[in-house]
Amino acid sequence: MNDLKTFKFNYGGTILYFGPESTERIRDHLEGKKKALIVTGKRSAKESGALSDIEKILDELHIERKIYDGVRFNPTVEIVEEIIGEMRSLGADFLIAIGGGSVIDSAKLASVAYVEDRKPEEYLKGYARASKHLFLVAVNLTHGTGTEIDRYAVATITRTREKLGTAVAYPDVSVDNPKYMISLSKNQTLFTSLDALYHALESSVSPASNVLVRDLSRTAIEKIISYLKKSVENPKDLEARYMLLYASMLAGVAIDMAGTSIIHGLEHGLSGVVPNLEHGAGLAIIGPELFKLLYRTKPQEAWEAMRALDPTLRPNKEDAERAGESILKFQRSVGFSLTLSDYGFNDRKLREAIDVAWPLFQSRLMPELPEIGKEEIFSILKALL
Ligand SMILES: [Fe+2]
């Protein structure tokens, strides 16, 4: 059994408590607070036990609260606006987001738009830059997004179906408690960890990558390889959950420093057009093929992270094909074998998704990547139907 101690980690603007005793540690940060809006989805906050743990703390501190439980995955700006409406009607002096990426991201956007009296869309479109936010506590319920430790929030503009990510705010205090991960379903376990895997892989090759980003990424990948299968086979394995959560947190720091790449750029188009596509599943379907392009372009950087996954790889572009195949093999070994057709994609929807994703895809291009057009991307994705 590994050391599963609770520790405190300061990064960006966040004080993160990580480990089995982490929830209790937020108490000191809530002294003097009066009214909390708790933001959650429909089920996980209750099923994980996190909501009752938090309510107990709020009771002890005599903090009034209201619960908004309307966040769903792939959240929209309308959801963020509903949260802002609830904050106003309560007169909230802080927010507690209890959930995965969708919940925490929606709360981040609301915390900024509420204080600055702007529309969430303005931040997503880049018309406004966030500079202040309402105090935000994030109780993370998945081992995937890393949003509990990064600045980013992703939401969809319903009108245009653009799923956009932007830097808004670090949570002030975050909780990564592995016991809350035990109630994740098999698919959630897989999809969220595969999201973390692509954060690690993509941040390693992004233009802003550096040795720290790649070391964090390699460690994250090592943990995912060692513990994802264990966690799928035995969901209650707390050590496996702790390590997967640790991996996703490290990969969250890596993307906060270096950003993601074309795989995330394209995936946001796919799940913008087909909202029932889970983000991690979308990445895992298109990732192995697209990572070949990235490995070919940045073989040294890609190898530094990838060698955890396949020690036989060499840092040269001739191994790009094998690198993609190794990712695919790993994904199959943990039970992931979905395709784009499983989510109802056809030629028409693929073209729509490429159009929607195109600005985002292009924003993630790096100078070393060979020229790549919509038709080429279409044929890559069509082969994945
Ligand atoms: Fe992601």
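See the structure shown above.
In short, a report on the structure.

Rules and cut-offs
Residues numbered from 1 in each chain as written. Predicted model: local features only at pLDDT ≥ 70, side-chain atom pairs only at ≥ 80, totals over all residues. Heavy atoms only, no water. Pairing = 2+ DSSP bridges. Helix = DSSP H or I, 4+ residues; strand = E, 2+ residues; numbered from the N terminus. Axes fitted to C-alpha atoms, helices over the stretch in contact; angles between N-to-C directions. Contact = heavy atoms within 4.5 Å. Buried < 20%, exposed > 50% of the residue type's maximum accessible area, 1.4 Å probe, protein only. Core = buried A, V, L, I, M, F, W, Y, C linked by side-chain atoms within 4.5 Å. Domains from an automatic or database assignment. Donors = N, O, S within 2.8 Å, 3.2 Å for Na, K, Ca; no water. Tetrahedral: all angles 85-135°; square planar, octahedral: opposite > 155°, others 65-115°. Parallel < 35°, antiparallel > 145°, perpendicular 65-115°, else oblique. Left-handed = near helix turned anticlockwise from the far one by under 90°. Salt bridge = Lys/Arg side-chain N within 4 Å of Asp/Glu carboxyl O.

### Quick notes on the sheet that holds strand 4 (residues 64–68)
1) Next: Read across the open sheet, the 7 strands follow the order 1-2-9-6-5-3-4; overall the sheet is mixed. Here the strands that pair on one side only, and so sit at the sheet edges, are strand 1 (7–11) and strand 4. Neighbour-to-neighbour, the strand axes of the sheet open up by a mean angle of 20°, direction not taken into account.
2) Next: Where strand 2 (residues 14–18) lies against strand 9 (residues 173–176), 4 bridges are found, and the strand directions are parallel. If you follow Y17 over to strand 9, its bridge partner there is V175.
3) Next: Across the sheet, helix 4 (residues 77–90) touches strand 3 (35–40), strand 4 and strand 5 (94–99), and the angle it forms with strand 4 is around 160°.
4) Next: Packing of helix 9 (residues 238–258) onto the sheet brings it into contact with strand 1, strand 2, strand 6 (136–140) and strand 9, and relative to strand 1 it is tilted by some 15°.

### Regarding unusual backbone geometry
1) Next: Even without being glycine, H62 reaches a positive phi, approximately 55°.
2) Next: Checked against the element boundaries, H62 lands in the loop between helix 3 (50–60) and strand 4.
3) Next: Taking the relative accessible area as the measure of exposure, H62 reaches 70% and is therefore exposed.
4) Next: In this model, N74 sits at a positive phi of 50°, which is unusual for a non-glycine residue.
5) Next: Looking at the secondary structure, you find N74 in the loop between strand 4 and helix 4.

### A closer look at the nonpolar core
1) Next: Ranked by size, the top nonpolar core spans 103 residues in total, and within it I96, I98, V139, L197, F291 and L381 carry the most contacts.
2) Next: Split by domain, this core shows at least three residues from each of two domains, domain 1 (7–179) and domain 2 (184–382).
3) Next: Here I96 is in contact with A36, L37, I38, V39, I54, L58, V137 and V139, once residues within four sequence places are set aside.
4) Next: Formed by 35 residues, the second largest nonpolar core is a distinct cluster that contains V77, L134, I157 and A169.

### Some thoughts on the environment of F330
1) Next: Assignment of secondary structure puts F330 in helix 13 (residues 320–333).
2) Next: Overall, the relative accessible area of 8% leaves F330 in the buried class.
3) Next: Residues F330 and K229 lie 101 residues apart in sequence; the distance between their C-alpha atoms is 9.8 Å.
4) Next: The contacts of F330, once residues within four sequence positions are left out, are L194, L197, I224, I225, L228 and L309.

### Focus on the coordination of the iron ion
A four-donor tetrahedral metal ideally has 109.5 degree angles, and a six-donor octahedral metal ideally has angles of 90 or 180 degrees.
1) Next: Ligation of the iron ion by protein atoms is provided by D195 (OD), H199 (NE2), H264 (NE2) and H279 (NE2), these donors lying 2.2 Å from the ion.
2) Next: One way to put it: the 4 donor atoms around the iron ion meet at angles of 80 to 168°, and that makes the site irregular.
3) Next: Of note, the iron ion draws all its donor residues from one chain, in the sequence arrangement D-x3-H-x64-H-x14-H. A residue pair is termed long-range when its members are at least 10 positions apart, and D195 in helix 7 (residues 186–205) and H279 in helix 11 (residues 279–297) qualify at 84 residues.

### Some details on the packing of helix 10 (residues 262–273) against helix 11
How two helices sit against one another is set out by the angle between their axes and by the gap between those axes.
1) Next: At a minimum axis distance of 9 Å, the contact between helix 10 and helix 11 shows a crossing angle of 140°. It follows from the interaxial angle that helix 10 and helix 11 lie oblique. The chirality of how helix 10 crosses helix 11 is right-handed. Of the residues in helix 11, those touching helix 10 at I262, I263, H264, L266, E267, H268 and L270 are H279, G282, L283, I286, G287, L290, F291, L293 and L294.

### Observations regarding the pattern of salt bridges
Two side chains with opposite charge may pair up if their charged atoms get near one another.
1) Next: Under the counting rule described, the total for this entry stands at 31 salt bridges.
2) Next: The salt bridge involving D215 is made with R218; its shortest N-O contact spans 3.0 Å. With D215 and R218 both in helix 8 (residues 211–233), this residue pair falls 3 residues apart, about one helical turn.
3) Next: Overall, the relative accessible area of 32% leaves D215 in the partly exposed class.

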